[in-house]
Amino acid sequence: MQTRIAVIGQSGQINDQVWALAEEVGRLIGQKKGILLTGGKDGIMEAASRGANKAGGLVVGILPGDEPEIANPYVHVPITTGLCFDQRSTILIHSADVLIMLAGGNGTLGELSMAYQNGKDTVVLEGTGGWSDQVRIIAPDGFLDERKNAQIHYVQSARGAVELAFAITGKEEQKAI
């Protein structure tokens, strides 16, 4: 089975540097034949989707509401959930094997917490702003509490994020479906 990597992060406008990093993350996931999962809309989600799409990867957008048209143009499979944004995130987290986090606001922080509660490791790409640059302060050892449900890993490059995500799943060699 192919590795399913959810990329989470800032929606809306993002700066060019963060866009380029998110696009590189998506491209590397696509090149390694992983399946990219995102919230399917703009910002980090669109940049990562563009990268994976251009690399020939499969892009799945887990969307709020019932309108597939709201997906960014790089999503191959728009999945409408009929749910609001935060509830849609539940499906995104449960569908992923591992997560990569870039930048991010309150919604991204909620997704990180949900991933942790559900035993999903998250790779945080530091230097992208938002919560990605703050998580180490509250979880310096990679854990949000004493239960150690999942680990938070810190990296400083797109390549490092994707390589670690595949290593975490133990599925480094992928075959396209």
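Source: prediction; values computed, not measured. (Residues numbered from 1 in each chain as written. Predicted model: local features only at pLDDT ≥ 70, side-chain atom pairs only at ≥ 80, totals over all residues. Heavy atoms only, no water.)

A. A look at the packing of helix α1 (residues 16–31) against helix α2 (residues 44–54). It is at 6 Å that the axes of α1 and α2 come closest, and there the two elements cross at 40°. Classified by the angle between their axes, α1 and α2 sit oblique to one another. Considering how the two elements wind past one another, α1 and α2 form a crossing that is right-handed. Taking contact as the criterion, the partners of Val18, Trp19, Ala22, Glu23, Gly26, Arg27 and Gly30 in α1 are, on α2, Ile44, Glu46, Ala47, Ala48, Arg50, Gly51, Ala52 and Lys54. The residue makeup of the contact of α1 with α2, split by class, is seven nonpolar, three polar and five charged. (Axes fitted to C-alpha atoms, helices over the stretch in contact; angles between N-to-C directions. Helix = DSSP H or I, 4+ residues; strand = E, 2+ residues; numbered from the N terminus. Parallel < 35°, antiparallel > 145°, perpendicular 65-115°, else oblique. Left-handed = near helix turned anticlockwise from the far one by under 90°. Contact = heavy atoms within 4.5 Å. Nonpolar A, V, L, I, M, F, W, Y, C, P; charged D, E, K, R; others polar.)

B. Seen up close, the pairing of strand β5 (residues 98–102). Burial within β5 is extensive, with five of its five residues counted as buried. Side-chain alternation along β5 places Val98, Ile100 and Leu102 on one buried face and Leu99 and Met101 on a second face that is also buried. Bridge count between strand β1 (residues 4–9) and β5: five bridges; the pairing is parallel. Within the sheet, the bridge partner assigned to Ile8 lies in β5 and is Met101. With four bridges joining them, β5 and strand β6 (residues 122–125) adopt parallel strand pairing. Looking across to β6, one finds that Met101 is bridged to Val124. Handedness of the crossover joining β5 and β6 through helix α4 (residues 106–117) is recorded here as right-handed. (Buried < 20%, exposed > 50% of the residue type's maximum accessible area, 1.4 Å probe, protein only. Pairing = 2+ DSSP bridges. Right-handed = clockwise from strand over helix to strand, strands pointing away.)

C. Region of interest: the pattern of salt bridges. By the definition in use, this model includes seven salt bridges. For Asp97, the salt bridge goes to Arg4, with nearest N and O atoms at 2.8 Å. Residue Asp97 is located in the loop between α3 (85–95) and β5, and its partner Arg4 is located in strand β1; the two are separated by 93 residues in the primary sequence. We classify Asp97 as partly exposed; its relative accessible area is 21%. One salt bridge in this structure joins Glu126 and Arg136, with 2.9 Å as the shortest N-O distance. In this pair, Glu126 sits in the loop between β6 and α5 (135–138) while Arg136 sits in helix α5, placing the two residues 10 residues apart along the sequence. Look at Glu126 and you get buried, because its relative accessible area is 17%. The class for Arg136 is partly exposed, based on a relative accessible area of 36%. What emerges from the salt-bridge pattern is a single network uniting Glu23, Arg50 and Lys54. (Salt bridge = Lys/Arg side-chain N within 4 Å of Asp/Glu carboxyl O.)

D. Focus on unusual backbone geometry. At Ala103, a residue that is not glycine, the phi angle is positive and equals roughly 50°. Residue position: Ala103 is located in the loop between β5 and α4. Its identity as a non-glycine residue notwithstanding, Lys148 has a phi of 55°, on the positive side. In this structure, Lys148 sits in the loop between α5 and β7 (152–155).

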